Amino acid sequence: DGGITQSPKYLFRKEGQNVTLSCEQNLNHDAMYWYRQDPGQGLRLIYYSQIVNDFQKGDIAEGYSVSREKKESFPLTVTSAQKNPTAFYLCASRRERDRNYGYTFGSGTRLTVV
Amino acid sequence: GQQLNQSPQSMFIQEGEDVSMNCTSSSIFNTWLWYKQDPGEGPVLLIALYKAGELTSNGRLTAQFGITRKDSFLNISASIPSDVGIYFCAGRSGTASKLTFGTGTRLQVTL
């Protein structure tokens, strides 16, 4: 079955450490997205990529970095520059040519700073 | 960045009741989407709307694309316990690749 997989489900980070969240999809989707979810604040866009080797900043990119070396993969690194990284992180993808504009979401990674 | 305003923020209803929620924007969208998120999971697409005034149903769910293109509405009829979750609206403007999401409506259903 095709889908989008995020790992790990739970991640604990010490202050000052960088951590990388994995996002892999086998849907042959062109575009991939990273959102951050905090209670009561909905989903906020961190970075997105429409094609391989290209990506754009979203609304809250500071303290995060991404790469898109393969169509299937869009890892997110939370750097030590992100001052408040504890949140639920969601990865999503879509096929650019689809009339149905809905994203397919992964099941999320909950990051906690300890 | 812009976020869409959803109301109400949360709802506590009894099983069997109907539910209404809405989403408003300060700018025009040409696509409106409604998602549901179960606890600890990613959102799942419920309904997509592409034209002003469009009314679309998916089982007990009905959504409408507002005439002004700045709002959308979701109704759930005869709620059941598995309707519990957070409902998000999302909009796309112009030829943008990305969606803008609402702040969410948390729905609790009591027996």
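Reference entry: report on the structure contained in this document.

Definitions and cut-offs
Residues numbered from 1 in each chain as written. Chains lettered and ligands numbered in written order. Predicted model: local features only at pLDDT ≥ 70, side-chain atom pairs only at ≥ 80, totals over all residues. Heavy atoms only, no water. Buried < 20%, exposed > 50% of the residue type's maximum accessible area, 1.4 Å probe, protein only. Helix = DSSP H or I, 4+ residues; strand = E, 2+ residues; numbered from the N terminus. Pairing = 2+ DSSP bridges. Axes fitted to C-alpha atoms, helices over the stretch in contact; angles between N-to-C directions. Disulfide = S-S within 2.5 Å. Core = buried A, V, L, I, M, F, W, Y, C linked by side-chain atoms within 4.5 Å. Contact = heavy atoms within 4.5 Å. Phe/Tyr/Trp six-rings, centres within 6.5 Å; stacked < 30°, edge-to-face > 60°.

Residues and elements named next belong to chain A. Residue alternation in strand 1 (residues 4-7) divides its side chains into a buried set, Ile4 and Gln6, and an unburied set, Thr5 and Ser7. Sheet analysis places strand 1 next to strand 3 (residues 19-25), joined by 4 bridges and oriented antiparallel. Paired with serine 7 across the two strands is serine 22, which belongs to strand 3.

A separate point is the sheet that holds strand 8 (residues 76-78) of chain A. Residue and element names in this part refer to chain A. Read from one edge to the other, the open sheet built from 4 strands follows the order 1-3-8-7, with strand pairing classed as antiparallel. Every other strand in the sheet has two partners, leaving strand 1 and strand 7 (64-66) as the edge strands with one partner each. Going from strand to strand, the sheet's axes swing by 20 degrees on average, the running direction of each strand aside.

Residue and element names in this part refer to chain B. Taken in spatial order, the 5 strands line up as 1-3-8-7-6 in an open sheet, and their pairing is antiparallel. Of all strands in the sheet, those with a lone pairing partner are strand 1 (5-7) and strand 6 (55-58), marking the two edges. Across the sheet, the mean angle separating the axes of adjacent strands is 15 degrees when strand polarity is ignored. Taken together, the 6 bridges between strand 3 (residues 19-24) and strand 8 (residues 71-76) define a ladder with antiparallel strand orientation. For asparagine 22, the partnering residue across the bridge sits in strand 8 and is phenylalanine 73.

This brings us to the pairing of strand 6 (residues 54-57) of chain A. Residues and elements named next belong to chain A. As judged from the 3 bridges shared by strand 5 (residues 43-51) and strand 6, these two strands associate in the antiparallel manner. Of the residues in strand 6, the one forming a bridge with tyrosine 48 is glutamine 56. The turn joining strand 5 and strand 6, which pair antiparallel and follow one another in sequence, is formed by 2 residues; a positive phi near 65 degrees is taken by asparagine 53.

Okay, the state of the cysteines next. Put plainly, two cysteines are in a disulfide when a covalent bond ties their sulfur atoms together. On inspection of all chains with the given rule, the structure shows 2 disulfides over all chains. Put simply, cysteine 23 of chain A and cysteine 91 of chain A are joined by a disulfide, and their sulfur atoms are 1.9 Å apart. Taking the torsion about the sulfur-sulfur bond, which here is approximately -80 degrees, the covalent link between cysteine 23 of chain A and cysteine 91 of chain A counts as left-handed. Pair noted here: cysteine 23 of chain A is in strand 3 and cysteine 91 of chain A is in strand 9 (residues 87-94), with a separation of 68 residues, a long-range link. One disulfide bridge connects cysteine 23 of chain B with cysteine 89 of chain B, the sulfur atoms lying 1.8 Å from each other. As the torsion about the S-S bond is roughly 45 degrees, the cysteine 23 of chain B-cysteine 89 of chain B disulfide counts as right-handed. In this pair, cysteine 23 of chain B sits in strand 3 while cysteine 89 of chain B sits in strand 9 (residues 85-92), placing the two residues 66 residues apart along the sequence. The class of cysteine 89 of chain B is buried, set by a relative accessible area of 0%.

Right, let's get into the nonpolar core. All names here are of chain B. By size, the foremost hydrophobic cluster in this structure holds 21 residues, and its most contacted members are Trp32, Trp34, Leu74 and Leu107. Within the residue set of this core, elements represented by two or more residues are strand 2 (10-14), strand 3, strand 4 (31-37), strand 5 (44-49), strand 7 (61-65), strand 8, strand 9 and strand 11 (105-110). Sequence-distant contacts of leucine 107, defined by excluding residues within four places in its chain, comprise Met11, Ile13, Val19, Ile76, Asp83, Val84, Gly85 and Tyr87.

Examined against the element boundaries, serine 93 of chain B turns out to sit in the loop between strand 9 and strand 10 (100-101). On a C-alpha basis, the gap between serine 93 of chain B and asparagine 30 of chain B in space is 5.4 Å, while along the polypeptide they are 63 residues apart.

Moving on, we come to the packing of aromatic side chains. Per the stated rule, a full pass over the model turns up 13 aromatic pairs over all chains. Between the aromatic rings of tyrosine 35 of chain A and phenylalanine 101 of chain B, the centroid separation amounts to 5.1 Å while the plane-to-plane angle is 80 degrees, which identifies the pairing as edge-to-face. A residue pair is termed interchain when its members come from two chains, as with tyrosine 35 of chain A in strand 4 (residues 31-37) and phenylalanine 101 of chain B in strand 10. The same class applies to tyrosine 35 of chain A as to phenylalanine 101 of chain B, namely buried. Here the aromatic rings of phenylalanine 29 of chain B and tryptophan 32 of chain B are separated by 5.1 Å at their centres, their planes lie at 70 degrees, and the arrangement is edge-to-face. Exposure class is identical for phenylalanine 29 of chain B and tryptophan 32 of chain B. Each is buried. Here the aromatic residues Tyr33, Tyr35, Tyr48, Tyr103 and Phe105 of chain A together with Tyr35 and Phe101 of chain B are joined through ring pairs into a cluster of three or more.

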